[in-house]
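Chains, contacts and geometry: an overview
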Amino acid sequence: MLGFAIVDRLPSAAATAVWLTTHVGGTTVQHTNAVVIDLDDDEYGKKIYALTADRIVVLTEGSSADGLFEHALGVDAFDELIAETAARQLLIEKAITDYMAKSKNKNLVIPNFPAPPMLPTETRAEPQHRALGVANYVAAVWSGWFATEEQRLRRNTDPRTGASPWIMPEELAAPEVSEFPPAFAGRVQPEPLRAC
């Protein structure tokens, strides 16, 4: 899975915009490409496929999949990612508080997690602007998940002894950062690879 392809394909528009948003490492999520394709382009279908294959397609409000995508999501799917991220943050905070009480170590720091982003309201009607607004939102929500996972992972292994789990309980002791939380991971599917 290469990341997300945010697609703006309004039935009344003369072009489709696609923004690619990718996890590039650590907690960093970036836009890696953006393309506007005219509907009358002879290679329209091939270009859309080349941009979206092995990516999770997210359609902007009012956009149509029109048979191009098998697993496209609406932007509202990210409500679930935000909710799961917030739930994970509460578990991390509780684990730290419990460990502080158990160990009598009052020097531990509870992370200050940022508030989840708000979906922007795009006033410009051009596909590229509508897609960019959603792509920025997707990147911010996904970055929030990775930042949460980074905080969990920092407290997983004791730096002095290498013992794991450490502050995090067994159920939060995965040794690496996961791409998505469990329920959201079960909901998203990348577009399949196929011969052109």
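None of the values given here were measured: they were computed from a predicted structure. Within each chain, residues carry numbers counting from 1 in the order of the written sequence. Reporting of local features is limited, given that this is a predicted model, to residues whose pLDDT is at least 70; pairs of side-chain atoms are given and counted only at 80 or more, and all residues count toward the totals for whole chains, interfaces and linings. In computing side-chain values, all of the structure's heavy atoms are included and hydrogens and water are not.

1. Thoughts on the sheet that holds strand 2 (residues 15-25)
Here is the rule: Here a strand pair is declared whenever DSSP counts at least two bridges between the two strands. The helix count covers DSSP runs of H or I at least four residues long, the strand count covers runs of E at least two residues long, and both are numbered beginning at the N terminus. Contact definition: two residues touch when any of their heavy atoms are within 4.5 Å. Note on geometry: axes are lines fitted to C-alpha atoms, helical ones only across the stretch in contact, with angles between N-to-C directions running from 0 to 180 degrees.
Reading across the sheet, the 5 strands line up as 3-2-1-4-5 and stay open at both edges, with mixed pairing between neighbours. At either end of the open sheet lies a strand with only one pairing partner, and these are strand 3 (28-38) and strand 5 (73-74). Note: strand 2 against strand 3, 10 bridges, orientation antiparallel. Within the sheet, the bridge partner assigned to Val18 lies in strand 3 and is Val35. In the packing of helix 1 (residues 44-52) onto the sheet, contacts are made with strand 1 (4-8), strand 2, strand 3 and strand 4 (56-59), and the angle to strand 3 comes to roughly 175°.

2. What to know about the packing of aromatic side chains
Cut-off, in case you're wondering: Two aromatic rings from Phe, Tyr or Trp, using only the six-membered ring of Trp, form a pair when their centres are within 6.5 Å; if the ring planes differ by under 30 degrees the pair is stacked, by over 60 it is edge-to-face, and anything between is tilted. Residue burial is assigned from relative accessible area. The probe radius is 1.4 Å, only protein chains are included, and a residue is buried under 20% of its type maximum, exposed over 50%, and partly exposed in between.
Under the criterion given, the structure shown has 9 aromatic pairs. With 5.8 Å between their ring centres and 70° between their planes, Phe4 and Phe180 make a pair best called edge-to-face. One end of the pair, Phe4, is in strand 1; the other, Phe180, is in the loop between helix 3 (127-154) and helix 4 (182-187), with 176 residues separating them in the sequence. Residue Phe180 is classed as buried on the basis of its relative accessible area, which comes to 11%. Chaining the aromatic ring pairs together yields one cluster made of Phe4, Phe78, Tyr137, Trp142, Phe146, Phe180 and Phe184.

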